[in-house]
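An overview of the molecular structure
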Amino acid sequence: MADLTTDFIGIKSPNPFWLASAPPTDKEYNVRRAFEAGWGGVVWKTLGEDGPPVVNVNGPRYGAIWGADRRLLGLNNIELITDRPLHVNLQEIKSVKQDYPDRAMIVSLMVPCVEEAWKAILPLVEETGADGVELNFGCPHGMSERGMGSAVGQVPEYIEMVTRWVKQNTRMPCIVKLTPNITDIRKPAAAAKAGGADAVSLINTINSITSVNLDLFAPEPTIDGKGAHGGYCGPAVKPIALNMVAEIARSADLRGLPISGIGGVTTWRDAAEYLAMGAGNVQVCTAAMTYGFKIVQEMISGLSDYLDSKGMHSPADLVGRAVPNTSDWQHLNLNYISKAKINQDLCISCGRCYAACEDTSHQAIAMSENRVFTVKDDECVACNLCINVCPVENCITMEQMAPGTTDPRTGKIVEADYGNWTTHPNNPNRVAAE
Amino acid sequence: MSANALTPGIAAGRLHSDDLHQNFADLHPPLGQHEAQVAADRCYFCHDAPCVTACPTAIDIPLFIRQIATGTPEAAAKTILSQNILGGMCARVCPTETLCEQACVRETAEGKPVVIGQLQRHATDTLQAKAGHPFSRAAPTGRRIAVVGAGPAGLACAHRLAMKGHDVVVFDARPKAGGLNEYGIASYKSTNDFAQAEVNWLLGIGGITLQHGQALGRDITLAGLQADYDAVFLGIGLGGVNALATEGEEKTGVLDAVDFIADLRQATDLAAVPIGRDVVVIGGGMTAIDAAVQAKLLGALNVTLVYRRGRARMNASPFEQDLAASKGVRIITNAIPVRVLGNGAVREIEFAYTDDTLTPTGDTFRLAADQVFKAIGQTLAGTGLPDIEKGKIATTGTGRTSMAGVWAGGDCAAGGDDLTVTAVAQGRDAAEDIHATLTAEG
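Just so you know, these numbers come straight off a predicted model, no measurement behind them. (Residues numbered from 1 in each chain as written. Chains lettered and ligands numbered in written order. Predicted model: local features only at pLDDT ≥ 70, side-chain atom pairs only at ≥ 80, totals over all residues. Heavy atoms only, no water.)

We now examine the packing of aromatic side chains. With the rule as written, the count across this model stands at eight aromatic pairs over all chains. Centroid distance Trp268 of chain A to Tyr306 of chain A: 5.5 Å. Interplanar angle 35°. Geometry classified as tilted. Taken together, the residues span a long stretch of sequence, with Trp268 of chain A in helix α8 (residues 268-276) and Tyr306 of chain A in helix α10 (residues 295-309) at a distance of 38 residues. Exposure remark for Trp268 of chain A: the relative accessible area of 18% places this residue in the buried category. Ring geometry for Tyr354 of chain A against Phe373 of chain A: centres 6.1 Å apart, planes inclined by 50°, an arrangement best described as tilted. Of the two residues, Tyr354 of chain A sits in helix α12 (residues 352-360) while Phe373 of chain A sits in strand β19 (residues 373-375), which places them 19 residues apart along the sequence. For the pair Tyr354 of chain A and Phe373 of chain A, a shared accessibility class is recorded, and that class is buried. Three or more aromatic residues joined by ring pairs form one cluster here, namely Phe351, Tyr353 and Phe365 of chain B. Positioned above the aromatic ring of Phe194 of chain B, the side-chain terminus of Arg92 of chain B is 3.6 Å from the ring centre. (Phe/Tyr/Trp six-rings, centres within 6.5 Å; stacked < 30°, edge-to-face > 60°. Helix = DSSP H or I, 4+ residues; strand = E, 2+ residues; numbered from the N terminus. Buried < 20%, exposed > 50% of the residue type's maximum accessible area, 1.4 Å probe, protein only. Lys NZ or Arg CZ within 6 Å of the ring centre and 35° of its normal.)

Given below as structure tokens:
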């Protein structure tokens with residue numbers, strides 16, 4: 001059976017599943033429950049500088065998007081960093097770490113952009129015995145209005161500067177948590193690297209308004225008739241986060257920069273995808289907030305079984321496996337031809353593929369009077385929409401056309417050789433084929 | 001000492017009123033808000049959906065379910081009611097397992113269809129709980145139309161005609177409107193006097209006058225109606241009941257199942273409804289099942305349903321057969337009654353086993369019986385009606401009969417199954433044709 005032990009920038013944990021800095025890691029009580037449930041590590045909810053703690057709203061802090069049966073698909077929050085006194089948090093961190101020395105204990109930090117503030121807090125964190133710090137440069141609400149959180153994360157120069165201060169003032173490994181509320185994730189990642197960060201973690205939450213209350217004419221969550229944008233997370237953000245992880249993982253300049261993957265990890269499969277896309281571990285929040293800490297048991301068994309099925313011995317064997325196959329569009333093989341094929345034994349004749357193709361795509365599916373649906377190979381461009389809307393898994397598949405056969409849509413023979421846009425005759429900027 | 005299951009003969013009050021109340025409660029309790037949401041989310045919104053094709057009234061089922069799923073059950077109800085004005089009752093009594101839900105692709109996929117009937121009820125109940133009526137009348141046409149029969153066909157026809165701006169007079173022989181919705185459906189399918197509530201709601205459109213106690217051939221004549229009105233719609237149902245043609249049929253305790261069902265529906269106190277200890281129901285349709293199940297629910301000790309052909313030929317759906325079995329009704333197939341025995345009152349009934357061609361095999365058996373319900377079909381009653389085809393009024397697709405200016409629909413008309421939903425469709429379509437005909441006449 002695969003050993004899930006993970007070594008992330010020198011920090012060991014029994015599995016790659018950490019709880020992200022968020023409400024579930026705000027205090028000792030929760031974190032002890034998390035460790036008892038089996039979580040490999042936690043990033044303690046962000047600490048601010050000493051003094052009167054921040055104050056949260058007293059109305060609703062969360063908004064949500066639901067799928068069928070009120071399955072939570074996306075969550076947004078307007079909660080701030082910890083609103084408990086600094087010394088209480090530090091005491092609790094120390095106490096928990098002592099009792100769970102094998103678990104990763106990272107402390108998230110957010111203090112003003114002056115070196116003194118960082119110099120003041122870092123020794124206090126070191127004293128707890130924590131394994132590392134994570135710099136919260138991502139919080140998109142409330143704290144950003146005070147020049148912290150994503151206000152820092154959106155300015156690469158600030159990221160580099162603060163990261164350097166941290167590295168100069170502590171022996172602890174330093175993870176820089178990135179905000180997705182920028183245009184090119186590689187810039188802040190490069191700044192973190194330049195400042196000496198040991199790793200980046202991403203993504204923090206996305207600026208969002210989940211819904212508008214159509215009676216109050218105000219955004220949700222609504223507090224006394226008003227609402228503010230919040231940070232979006234949960235399953236809905238996974239595709240965005242995965243792309244940002246991939247952008248960093250496959251960047252020539254950033255290659256090798258350790259990544260802690262965050263964003264909608266809900267099952268072992270999500271976690272495995274992040275690992276394959278280059279993350280050394282994953283951080284989870286919304287799934288725990290939705291289902292409780294017990295879900296980690298499914299993540300552990302699922303990842304372990306998957307690694308076994310692939311003949312891998314540890315998560316490290318999986319890390320980055322999908323990175324070489326993550327390409328730019330221009331390098332995709334234009335000579336690869338496939339066609340949709342409908343398995344008539346599995347088809348339940350709902351006709352969704354037909355409606356989607358006929359109304360919105362390429363009119364490549366035929367419907368008979370007795371509701372038999374078939375693909376018209378001479379129209380099918382293999383767009384995949386039929387598969388995506390089909391309610392029956394594997395009922396429609398994409399079948400590759402063998403080289404040498406003729407594509408009935410174009411009348412051209414399928415070429416065996418790879419050929420992409422960079423050398424395509426229609427490309428005015430084409431380069432000679434190698 | 002009050003009666004119980006073992007009390008011989010025909011007796012009332014075999015069960016405590018609490019048990020009776022529970023037995024006759026809603027067969028399918030209404031979906032709660034969340035249940036409806038979850039059920040609606042299962043709909044795939046099929047293209048050219050098979051469920052719509054399977055619905056005799058062609059309700060746009062995917063659309064109304066999506067309207068429920070998006071939190072607008074009243075819009076859903078309008079989608080339903082614009083096709084089927086008795087969508088509330090149909091949601092309760094339709095054999096959905098052989099219509100829309102049988103066609104549902106999730107039945108194909110998983111053997112668990114979207115619960116279309118229950119969702120329909122959720123929508124129509126929501127709308128009908130609100131005051132007012134969702135449809136309005138067109139400008140008055142000055143035309144007057146007579147509708148004979150206030151059952152599903154007549155009411156659907158009347159409503160559609162009223163909506164088109166015509167004035168409608170509905171004649172019915174019984175003291176209450178609703179036809180079989182009021183008199184012919186098992187009590188647990190239409191609780192809380194829903195049939196009357198629905199009629200009252202339907203009449204909310206205006207322009208419809210109900211005249212009770214008016215039987216065709218007794219109080220009114222077709223010729224008279226033709227003379228007094230611009231058009232006539234016959235939705236008179238099947239007033240006659242088939243006889244067993246069996247020796248001893250006249251004995252006390254041998255009754256028509258339709259009368260038993262009607263009496264039960266009209267009863268204000270179920271504990272006062274007498275029922276036999278040993279009850280035998282003869283027939284294989286919905287009426288037979290409704291009678292047998294209700295006999296059991298009233299506290300009969302033994303209820304046996306005997307059908308002359310095999311199970312597969314029963315008109316009652318497998319769901320209905322299972323319902324009967326689950327209530328403790330014994331179903332015997334391939335047997336025909338030979339004679340009713342007893343000294344004045346029925347005591348036993350003798351059956352002969354038959355093969356699939358209804359030929360007796362020579363084997364017979366007797367069942368103890370102090371009550372026998374005949375449910376072997378109904379017949380059209382009346383004289384001077386339009387041309388008859390296979391025992392019913394012959395019609396074209398839109399309900400036109402052999403007589404000019406006379407349309408017919410529902411159970412009395414040939415074509416289609418004898419279902420509430422079919423009657424509604426025929427009444428509605430006849431109304432459209434009447435309207436088109438009168439409009440064309442100018």
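Right, let's talk about the sheet that holds strand β14 (residues 230-233) of chain A for a bit. Residues and elements named next belong to chain A. Reading across from one edge, β5-β6-β14-β11 is the order of the four strands in this open sheet, with antiparallel pairing throughout. With partners counted over all chains shown, the strands left at the sheet margins are β5 (62-66) and β11 (206-208), one partner each. Across the sheet, the mean angle separating the axes of adjacent strands is 35° when strand polarity is ignored. Note that strand β6 (residues 72-77) and β14 share three bridges and pair antiparallel. Note on β14: the bridge partner recorded for Asn77 is Gly231. (Pairing = 2+ DSSP bridges. Axes fitted to C-alpha atoms, helices over the stretch in contact; angles between N-to-C directions.)

Before going further, it helps to spend a moment on the interface of chain B and chain A. Each side of the interface is counted separately: chain B has 13 residues, and chain A has 13 residues. Buried surface at the junction of chain B and chain A, summed over both partners, amounts to about 1000 Å²; 64% is from carbon and sulfur atoms. Three residues stand out in chain B for area buried against chain A, namely Asp41, Tyr44 and His47 of chain B, and they jointly supply 51% of the buried area on that side. At the surface where chain B touches chain A, the tally comes to zero salt bridges. At the junction of chain B and chain A, the tally comes to six residue pairs in polar contact (both at pLDDT 80 or more). Contributions of two or more residues to the side of chain B that touches chain A are made by α2 (33-41) and α8 (105-110) of chain B. (Contact = heavy atoms within 4.5 Å. Buried area = accessible area lost by both parts, 1.4 Å probe. Salt bridge = Lys/Arg side-chain N within 4 Å of Asp/Glu carboxyl O. Polar contact = N/O pair within 3.5 Å; in protein donor to acceptor, adjacent residues only side chain to side chain.)

Turning our attention to empty space enclosed by the protein. All names here are of chain A. On inspection of all chains with the given rule, the structure shows six cavities of 30 Å³ or more. Put simply, the largest cavity is a space of about 460 Å³. Lining the largest cavity are 35 residues, with Ser21, Ala22, Asn77, Asn204 and Thr205 positioned closest to its centre. Of all the secondary-structure elements, those providing two or more residues to the lining of the largest cavity are β4 (41-47), β6, β14, β16 (281-284) and α9 (286-291). (1 Å grid on protein atoms, 1.4 Å probe; cavity = no way out; pocket = protein on both sides within 12 Å on 5 of 7 lines; lining within 4 Å. Points joined across faces, edges and corners; volume = space filled by probe spheres on them.)

It is worth spelling out the pattern of salt bridges at this point. Here the structure, examined in full by the defined rule, presents 42 salt bridges over all chains. Here Lys238 of chain A makes a salt bridge to Asp270 of chain A, at a shortest N to O gap of 3.0 Å. One end of the pair, Lys238 of chain A, is in helix α7 (residues 238-249); the other, Asp270 of chain A, is in helix α8, with 32 residues separating them in the sequence. Among the ionic pairs, Arg137 of chain B bridges to Asp167 of chain B, the shortest N-O distance being 3.2 Å. Residue Arg137 of chain B is located in the loop between α9 (116-128) and β2 (144-148), and its partner Asp167 of chain B is located in strand β3 (residues 167-172); the two are separated by 30 residues in the primary sequence. Look at Asp167 of chain B and you get partly exposed, because its relative accessible area is 35%. Each of the salt bridges in this network shares a partner with another, and the network as a whole consists of Asp184, Arg186, Lys187, Glu247, Arg250 and Asp328 of chain A.

Residue and element names in this part refer to chain B. Domain boundaries assigned for chain B yield domain 1 (3-25 + 241-377), domain 2 (33-128) and domain 3 (144-239 + 380-441). For domain 1 versus domain 3, the separation of C-alpha centres amounts to 31 Å. Contact with domain 1, which involves 16 residues of that partner, is made by 15 residues of domain 3. Contact between domain 1 and domain 3 buries roughly 1200 Å² in total, counting both sides, with carbon and sulfur atoms accounting for 44%. When residues of domain 1 are sorted by the area they lose upon contact with domain 3, Arg265, Gln266 and Asp290 head the list and together hold 48% of the total. The tally of links between domain 1 and domain 3 comes to two salt bridges. The partner of Glu320 in a salt bridge is Lys189, with the nearest N and O atoms 3.2 Å apart. Every element with two or more residues in the side of domain 1 that touches domain 3 is listed here: α14 (257-266), α15 (286-297) and α16 (318-326). Considered class by class, the residues forming the side of domain 1 that touches domain 3 number 10 nonpolar, three polar and three charged. (Domains from an automatic or database assignment. Nonpolar A, V, L, I, M, F, W, Y, C, P; charged D, E, K, R; others polar.)

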